[in-house]
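Working through the structure, step by step
Now for the letters of each chain:
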Amino acid sequence: NQSVHQRMQELEQLLNRYNQEYYENDEPSVPDAEYDRLFRELKTLETEHPDLKSAQSPTMKVGGKPLGQFRSVEHEVPMLSLDNAFSVDEFEAFSKRVEQRLDTNQTVTFCCEPKLDGAAVSLLYENGLLVRGATRGDGQSGEDITENVKTIRNVPLKLSGDVPERLEVRGEVVMPLGAFERFNEQARQREEKVFANPRNAAAGSLRQLDSRITAKRPLHFYAYSLGLISETTQLPDSHHQRLLQLKDWGLPVNIEIKTVDSVQGCDDYYEAILARRDTLNYDIDGVVFKVDSIRLQQDLGFVARAPRWAIARKFPAQEQLTT
Ligand SMILES: Cc1c[n+]2nc(N)[nH]c2nc1OC(C)C
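Let me begin by describing the structure that accompanies this report.

What counts and how
What you see as residue numbers is a count from 1 along each chain, following the sequence as written. Local features in this predicted model are restricted to residues whose pLDDT is 70 or higher, and side-chain atom pairs enter the listing and the counts only when it is 80 or higher, whereas totals over whole chains, interfaces and linings include all residues. For the side-chain quantities, the full set of heavy atoms in the structure was used; hydrogens and water were omitted. Secondary structure counts use DSSP, requiring at least four H or I residues in a row for a helix and at least two E residues in a row for a strand, with both numbered from the N terminus. Only C-alpha atoms enter the radius of gyration, while the globule expectation follows 2.2 Å times N to the 0.38, with N the number of residues. Partly exposed residues are those whose accessible area sits between 20% and 50% of the maximum for their type, while under 20% is buried and over 50% is exposed, using a 1.4 Å probe and protein chains only. Every residue pair with non-hydrogen atoms within 4.5 Å of one another is taken to be in contact. The protein chains shown are the only cover counted for residues, whose accessible areas, like all others here, come from Shrake-Rupley with a 1.4 Å probe. This count recognises Lys and Arg as positive and Asp and Glu as negative, with His and chain-terminal groups excluded. All charge positions are set by atom: Lys at NZ, Arg at CZ, Asp at CG, Glu at CD. Pairs of cysteine sulfur atoms within 2.5 Å are identified as disulfides in what follows. Pairing between two strands requires that DSSP report at least two bridges joining them. For each residue, the test is whether any non-hydrogen atom lies within 4 Å of the molecule or strand; if one does, the residue is near. When residue character is reported, Ala, Val, Leu, Ile, Met, Phe, Trp, Tyr, Cys and Pro are called nonpolar, Asp, Glu, Lys and Arg charged, and the others, Gly included, polar. What a helix should span is 1.5 Å times the count of its residues minus one. Along the arc lie the directions from the helix axis toward the C-beta atoms. Note on ring pairs: Phe, Tyr and Trp rings are taken, using the six-membered ring of Trp, and paired if centres are within 6.5 Å. Classes follow the plane angle, with under 30 degrees stacked, over 60 edge-to-face and the rest tilted. Should the NZ of a Lys or the CZ of an Arg lie within 6 Å of a ring centre and within 35 degrees of the ring normal, that charge is described as sitting over the ring. We call a set of buried residues a nonpolar core when its members are Ala, Val, Leu, Ile, Met, Phe, Trp, Tyr or Cys and they connect through side-chain atoms within 4.5 Å of each other. Under the rule applied, a polar contact is a pair of N or O atoms within 3.5 Å (in protein, one hydrogen donor and one hydrogen acceptor; residues adjacent in sequence only if both atoms are side-chain atoms).

Further remarks concern the overall build of the chain. Broken down by element type, the chain carries 10 helices and 13 strands. Radius of gyration (C-alpha) of the chain: 21 Å, near the 20 Å computed for a compact globule of 323 residues. Along the longest, intermediate and shortest principal axes, the C-alpha atoms of the chain span 70 × 50 × 40 Å. Considering the chain as a whole, with its 323 residues, one finds that 50% of them fall into the buried category. At a minimum sequence separation of 6, the contacts of the chain that also span at least 24 residues come to 76%. Accessible surface, the chain as shown: approximately 16600 Å² in total, 48% of it carbon and sulfur. Of the side chains in the chain, 40 bear a positive and 51 a negative charge, and the two mean positions are spaced by 4 Å.

Another aspect to go through is the state of the cysteines. Considering all chains together, one arrives at 0 disulfides under this definition. Free cysteine C111: the closest other cysteine sulfur is in C112, separated by 6.5 Å.

As a further point, take the pairing of strand β7 (residues 166–174). Each regular strand carries side chains that alternate between the two faces of the sheet. Counting buried residues along β7, 8 of its 9 residues qualify, which places the element largely inside the surrounding structure. Pairing of strand β4 (residues 119–126) with β7, which is carried by 8 bridges, proceeds in the antiparallel orientation. Each bridged residue has a counterpart across the sheet, and for L124 the counterpart in β7 is E168. Judged from the 7 bridges that link them, β7 and strand β8 (residues 220–229) form a sheet pairing that is antiparallel. Residue pairing in the sheet places V173 in a bridge with F221 of β8.

Moving on, we come to the site of the ligand. Taken together, the residues surrounding the ligand are L80, L82, E113, P114, Y224, V288, K290, W309 and A310. The protein chains hide 86% of the 380 Å² of surface that the ligand would expose on its own. Mapped by element, the contributors of at least two residues to the shell around the ligand are β3 (110–116) and β10 (284–291). In the shell around the ligand, the residues fall into 7 nonpolar, no polar and 2 charged.

Our next topic: helix α3 (residues 88–100). Here α3 is 13 residues long and its end C-alpha atoms lie 18 Å apart, about the 18 Å a rise of 1.5 Å per residue gives. Along α3, the residues that are buried comprise F91, F94, S95 and V98. Down the axis of α3, the smallest arc covering the buried residues is 90 degrees, so these residues share one side. Exposed side of α3, more than 90 degrees from the buried face: D89 and Q100 are the residues found there. Buried-residue contacts for α3 involve β2 (83–85), β3, α9 (263–276), β10, α10 (294–300) and β13 (310–314).

Counting across every chain of the model gives 10 aromatic pairs. Between Y270 and F315, the aromatic rings sit 5.2 Å apart at their centres with planes inclined by 55 degrees, giving tilted as the arrangement. Taken together, the positions of Y270 in helix α9 and F315 in the segment after β13 put the pair 45 residues apart, joining distant regions of the chain. For the pair shown, Y270 and F315 are each scored as buried. Members of the aromatic cluster, connected to one another through ring pairs, are F91, F94, F110, Y269 and F289. Of note, R313 hangs over the ring of Y270, and the distance from its end group to the ring centre comes to 3.6 Å.

The next point concerns the nonpolar core. Among soluble globular proteins, nonpolar side chains are generally buried collectively. The biggest cluster of nonpolar side chains holds 36 residues, and the ones touching the most others in it are L206, F221 and L246. Of all the secondary structure elements, the ones that give two or more residues to this core are β4, β7, α5 (177–189), α6 (198–206), β8 and α8 (239–248). Examining the composition of this core, we find that 4 residues originate from one element, β4, more than from any other. Look past the residues within four positions of L246 in its chain and what remains in contact with it is L167, V169, A223, L226, L251 and V253. Judged by nonpolar contacts, the second largest core, of 29 residues, contains V263, I273, L280 and F315.

Next up on the list: the environment of Y125. Checked against the element boundaries, Y125 lands in strand β4. When its relative accessible area of 1% is taken as the criterion, Y125 is described as buried. As a C-alpha pair, Y125 and K158 span 33 residues in sequence and 8.1 Å in three-dimensional space. Among the polar contacts made by the side chain of Y125, one reaches the main-chain carbonyl oxygen of P156 at a distance of 2.7 Å.

The structure is reproduced here in structure tokens:
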């Protein structure tokens, strides 16, 4: 039994690594057939030895029997939306409002992030284990989609390292463009529902009552914010450093995220991402600038529905190709 358990743990590690490679850098080190063979071997061993099956096994990412409907989830920390800036002047007005709150010689660091055009979700980890997934809903309450988020390839079921007791991570679920095209092509051939754009495909896939369907949808998650954090956690005062900490714990964070120390830096970032927009593997509809200091964020607070300390600078709408 010991050797069986050993083999199961070895298979779990191998499959998790291959998953990471496949979704982190799109370069799996083994062909899919090899991944499937190892997956089937683990599934067989788990069926023969259910007592040895791990709750975080990669075989748990394939979804289970459908629920009748979604339960509702209250967001203890509201999931708010973002104010938009459609021009450099509107962005400058935002940065002026921020600077007014600073002392004279203080400069403000901004964290710059691509604004992924997908579906916002909240993931709740307790003692490092993924225990709940929820849609944004109206910001106050969303739908419990735990079984569906567990099937998202690059969402870890278990965090690694010294993690907080309770950690809520928020981010965007997207369907990469290549996968979206292939998925729609297949749907056309099967005379099934075709999605108008990757955002609808991601949102629609997350709201499937049958998680086995979600499991077949190629979805990626990218973290961009923290919600609930258990009070015993000493995290850095920098939003960017907190995102890097999430990455250390095993959560996917978009590689385009960086900090700049000036408004000019923000403008340069906006132009740089806009110039590369068509080369990215997912839809983005702008960039997000956030005051990097958590203390300053708390000082600036929110107005009604959106934080004073963050703004999205939207790109001109792309002519949507009718698929
Ligand atoms: C709604 C939202 C959306 N996005 N997208 C990114 N990249 N960051 C980000 N932050 C958000 O909200 C925070 C400002 C809390």
